[in-house]
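Summary of the model geometry
Spelled out, the chains give:
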Amino acid sequence: MVCLGNICRSPLAEGILKSKVNPETTFVESAGTGGWHVGALPDPRSIAVAKDHGLDITDQRGRKFSPYDFETYDHIFVMDNSNYRDVIKLAKDDIEISKVQRILDELFPGENVDVPDPYYGGDHGFENVYNMLDEACEKIMRRLKL
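Before going into details, it helps to say that this report is about the structure given with it. This structure is a prediction, so every number in the text was calculated from the model and none was measured.

**Thoughts on the overall build of the protein**
Summing up its helical and strand segments, the protein has six helices and four strands in all. Starting at the N terminus, the α and β elements of the protein follow one another as β-α-β-α-α-β-α-α-β-α. Viewed in the frame of its principal axes, the protein has a C-alpha envelope of about 40 × 35 × 30 Å. Burial analysis of the protein (146 residues in total) assigns 47% to the buried set. If you sum the accessible surface of the protein, you get close to 7,600 Å²; carbon and sulfur atoms cover 51% of it. Of note, the protein has its 17 positive side-chain charges centred 1 Å away from the centre of its 25 negative side-chain charges.

As structure tokens, then:
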């Protein structure tokens, strides 16, 4: 799960998908395309909305996406078109590019819809993002049979 800073959207996506999959067979992690928040907890509003839905994401720490992630992960879900462009720039070939997908393509195939960044908005934006990601993660889990 990849967003810009790895403190709002991608930690929520990580926590949501982790809650839906078998942890013995599926590893889920998040990262940011920027390194500003490496080592930091998710945004307090992401932590709060996750907690409101019974999830604890306080074990997560920000990290920056690396080209090595293409070797580590089978699927890379990005939160928006900017993240998509930044991540595929790091890919060395078409095989790596094929691992990258916009997460909302699960809900809106081929429409390249962005998960809105709630960072500069109010708490309501975090709830909306949670609901979008929850629906997308449910479809991912079913499609990939995780």
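**Points about the packing of aromatic side chains**
This model, assessed by the stated rule, comprises three aromatic pairs. Look at Y119 and Y120: their rings are 4.8 Å apart centre to centre, the planes differ by 85°, and that puts the pair in the edge-to-face class. R45 extends its terminal NZ or CZ atom over the ring of Y119, reaching a point 5.4 Å from the ring centre. Lying across the ring of Y84, R102 places its NZ or CZ 3.9 Å from the centre.

**What to know about the packing of helix α1 (residues 9-20) against helix α6 (residues 123-144)**
The relative placement of two packed helices comes down to the angle between their axes together with the axis-to-axis distance. Contact geometry for α1 and α6: axes closest at 9 Å, N-to-C directions at 40°. When the interaxial angle is binned, α1 and α6 end up oblique. Judged by the twist between their axes, the crossing of α1 over α6 is right-handed. Judged by residue contacts, R9, L12, A13, I16, L17 and K20 of α1 engage F126, V129, Y130, L133, D134, C137, E138, I140 and M141 from α6. Classifying every residue of the contact of α1 with α6 gives eleven nonpolar, no polar and four charged.

**A look at α6**
The end-to-end C-alpha separation of α6 is 31 Å, in line with the 32 Å expected for 22 residues at 1.5 Å each. Where α6 is concerned, the buried positions are F126, V129, Y130, L133, A136, C137, I140 and M141. Down the axis of α6, the buried side of the element spans an arc of 150°, and every buried residue falls inside it. Of the exposed residues in α6, the ones pointing more than 90 degrees away from its buried face are H124 and R142. On its buried side, α6 packs onto α1, α2 (44-52) and β3 (76-78). Note on α6: the residue one or two positions beyond its end, K145, has a positive phi of about 55°.

**Some remarks on the pattern of salt bridges**
Scanning the entire structure with this criterion turns up eleven salt bridges. Salt-bridge contacts for K18 lead to E14; the nearest nitrogen and oxygen are separated by 2.7 Å. Of the two residues, K18 and E14 both sit in helix α1, four residues apart, roughly one turn of that helix. With a relative accessible area of 36%, K18 lands in the partly exposed category. By relative accessible area, E14 is classed as buried at 5%. For D134, the salt bridge goes to K20, with nearest N and O atoms at 3.0 Å. With D134 in helix α6 and K20 in helix α1, this pair connects stretches of sequence that are 114 residues apart. Among the residues examined, D134 registers a relative accessible area of 26% and is labelled partly exposed. Among the charged side chains, a network of salt bridges with common partners joins K20, D134, E138 and R142.

Reading the values: the criteria
Every chain is numbered on its own, with residues counted from 1 as its sequence reads. Local features in a predicted model are, by the rule used here, given only for residues with pLDDT of at least 70; side-chain atom pairs are given and counted only at 80 or more, and totals for whole chains, interfaces and linings are based on all residues. For side-chain calculations, the full set of non-hydrogen atoms in the structure is used, while hydrogens and water are omitted. Only DSSP runs of H or I reaching four residues or more are called helices, and only runs of E reaching two or more are called strands; each is numbered from the N terminus. Categorising residues by exposure relies on relative accessible area from a 1.4 Å probe, with only protein chains included: less than 20% of the type maximum marks a residue as buried, more than 50% marks it as exposed, and the intermediate range marks it as partly exposed. Note that accessible areas follow from Shrake-Rupley with a 1.4 Å probe, and for residues the cover is restricted to the protein chains shown. A residue counts as positive if it is Lys or Arg and as negative if it is Asp or Glu; His and the chain ends are not included. A charged residue contributes its charge at one atom only: NZ of Lys, CZ of Arg, CG of Asp or CD of Glu. Whether two aromatic rings pair depends on their centres lying within 6.5 Å, for rings of Phe, Tyr and Trp, where Trp uses its six-membered ring; planes under 30 degrees apart make the pair stacked, over 60 edge-to-face, and the rest tilted. Any Lys NZ or Arg CZ that is within 6 Å of a ring centre and within 35 degrees of that ring's normal is treated as a charge sitting over the ring. The axes used here are C-alpha line fits, helices contributing only the stretch in contact, and every angle between their N-to-C directions lies in the interval 0 to 180 degrees. When an angle is under 35 degrees it counts as roughly parallel; over 145 it counts as roughly antiparallel; between 65 and 115 it counts as roughly perpendicular; any other value is oblique. Crossing handedness follows the turn of the near helix against the far one: under a right angle anticlockwise gives a left-handed crossing, and clockwise gives a right-handed one. Here, residues are in contact when the closest pair of their heavy atoms is within 4.5 Å. For this scheme, ten residues count as nonpolar: Ala, Val, Leu, Ile, Met, Phe, Trp, Tyr, Cys and Pro. Four count as charged, namely Asp, Glu, Lys and Arg, and the remainder, Gly too, count as polar. Given a helix with a known number of residues, its expected span is that number minus one, times 1.5 Å. Working definition: the arc comes from the directions between the helix axis and the C-beta atoms, pointing outward to the latter. Any carboxyl oxygen of Asp or Glu that lies within 4 Å of a side-chain nitrogen of Lys or Arg is treated as forming a salt bridge with it.

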